[in-house]
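Listed below are the residues making up each chain.
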Amino acid sequence: MPAVVPSSGTRGMRDGVLVRVASYNVRSMRDDVPALRRVLAAMRADLVCVQEAPRFARWRARRRALAEAGGLRVATPGRAGGVCVLAGPRARVLEARLHRLKAFPGLERRVLAVAVVEIGGARLAVGSLHLDLHLAARLRHAGEAMSLMERAAAAHDAAVVVGADVNERGHQPAWRLLAARLSDCHAVAPAGAGLTFPAARPAERIDAVFAAREARVLSCGGVAAGNADLAGASDHLPVLAELQVGL
């Protein structure tokens, strides 16, 4: 499993602030939870966009325990849609909310979790998104999510970052919509092949971090955790991007 390029530190850089942002579908913590915690700890992330976060029995306590394993805290409210944003100690949360996306009869209700944060003077509007298996729903929700993210970013003069389980590949419509309005971080600065699913034998890249074009992507790839932990923690592999965000 490829590791990201080693960080040069987390303090402000000459042209901006170095921020580590991850996206991870944790499959409701139904797999090897100790392995999942070790993967979160290995990320050393400032922000983690989680999909399929626990949302039923003891969901608050389980999300809190997940966050704490990575030295993070839960930044966004509520449990709807199984999405949330985790934030590290450097991140000051300015605003956090959930947005319910358009309902499609017979399909699960999809939600966008948004946290606007400030790190070292740089502001980011960070969204966690889990798109549907249904093509039309994916495309509609990708467009809705981008409009909501751009609105939150404009209100706070922040750079947009989205971590997503896109449930499709790079040549398909929803992915192309996201990549047309943001940078696909792995495509810009790949660290390894970037395949994310299934975790035990990854064959497809269906998870990604997308960032505003004004953010410089230093690297984007996997997490430097043990292969057994990565395969056992979830059916998806995490994606970790190092971004240099201007002040």
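Everything that follows concerns the structure shown earlier in this document.
Criteria and cut-off values
- Residues numbered from 1 in each chain as written.
- Predicted model: local features only at pLDDT ≥ 70, side-chain atom pairs only at ≥ 80, totals over all residues.
- Heavy atoms only, no water.
- Helix = DSSP H or I, 4+ residues; strand = E, 2+ residues; numbered from the N terminus.
- Rg over C-alpha atoms; globule rule 2.2 N^0.38 Å.
- Buried < 20%, exposed > 50% of the residue type's maximum accessible area, 1.4 Å probe, protein only.
- Contact = heavy atoms within 4.5 Å.
- Lys, Arg positive; Asp, Glu negative; His and termini not counted.
- Charge placed at Lys NZ, Arg CZ, Asp CG, Glu CD.
- Salt bridge = Lys/Arg side-chain N within 4 Å of Asp/Glu carboxyl O.
- Disulfide = S-S within 2.5 Å.
- Arc of directions from axis to C-beta.
- Polar contact = N/O pair within 3.5 Å; in protein donor to acceptor, adjacent residues only side chain to side chain.
- Axes fitted to C-alpha atoms, helices over the stretch in contact; angles between N-to-C directions.
- Parallel < 35°, antiparallel > 145°, perpendicular 65-115°, else oblique.
- Left-handed = near helix turned anticlockwise from the far one by under 90°.
- Nonpolar A, V, L, I, M, F, W, Y, C, P; charged D, E, K, R; others polar.

Within the chain, the secondary structure is distributed over six helices and 14 strands. Expected size for 247 residues packed as a compact globule is a radius of gyration near 18 Å; at 16 Å, the chain falls within 12% of this value. With respect to the three principal axes, the spread of C-alpha positions in the chain is 50 × 40 × 35 Å. Counting the 247 residues in the chain, one finds 55% classified as buried. The contacts of the chain with a sequence gap of at least 6 include a subset with a gap of at least 24, amounting to 70%. Counting 34 positive and 22 negative side-chain charges, the chain places the averaged centre of each group 4 Å from the other.

By the definition in use, this model includes 14 salt bridges. Note that R205 and D184 form a salt bridge whose closest N and O atoms lie 2.8 Å from each other. Taken together, the residues span a long stretch of sequence, with R205 in the loop between β11 (190–191) and β12 (207–211) and D184 in strand β10 (residues 183–184) at a distance of 21 residues. R205 gets classed as buried once you look at its relative accessible area, which sits at 19%. Residue D184 is classed as buried on the basis of its relative accessible area of 9%. Linked by salt bridges that have partners in common, R55, E108, R110 and D132 make up one network.

Taken as a whole and judged by the stated rule, the model has zero disulfides. Of all cysteine sulfurs in the structure, the one in C84 sits closest to C49, which takes part in no disulfide; the separation is 9.0 Å. Classification of C84 as buried rests on a relative accessible area of 1%.

Turning next to helix α1 (residues 33–43). Those residues of α1 that fall on the buried side of the exposure criterion are V33, A35, L36, V39, L40 and M43. Seen end-on, α1 carries its buried residues on one side only, within an arc spanning 155°. Capping the start of α1, D32 holds a side-chain oxygen 3.1 Å from the backbone nitrogen of A35, two or three residues further along. At the C-terminal side of α1, R44 shows a positive phi close to 50°.

Take the packing of helix α3 (residues 135–156) against helix α4 (residues 173–181) next. Where α3 meets α4, the axes come as close as 8 Å, and the angle between the chain directions of the two elements is 20°. On the basis of the axis angle, α3 is roughly parallel to α4. Helix-helix and strand crossings are classified by hand; for α3 and α4 the assignment is right-handed. Touching L135, R138, L139, A142, G143, M146, S147 and E150 of α3 are P173, A174, L177, L178 and R181, all from α4. Across the contact of α3 with α4, the residue classes tally to eight nonpolar, two polar and three charged.

Bringing the packing of α1 against helix α2 (residues 59–69) into the picture now. Where α1 contacts α2, the two axes come as close as 7 Å, and the packing angle between them is 45°. By the angle between their axes, α1 is oblique relative to α2. For the pair α1 and α2, contact is made by L36, R37, L40 and A41 and by A65, L66 and A69, respectively. Classifying every residue of the contact of α1 with α2 gives six nonpolar, no polar and one charged.

The values reported here are purely geometric and, on their own, carry no functional implication.
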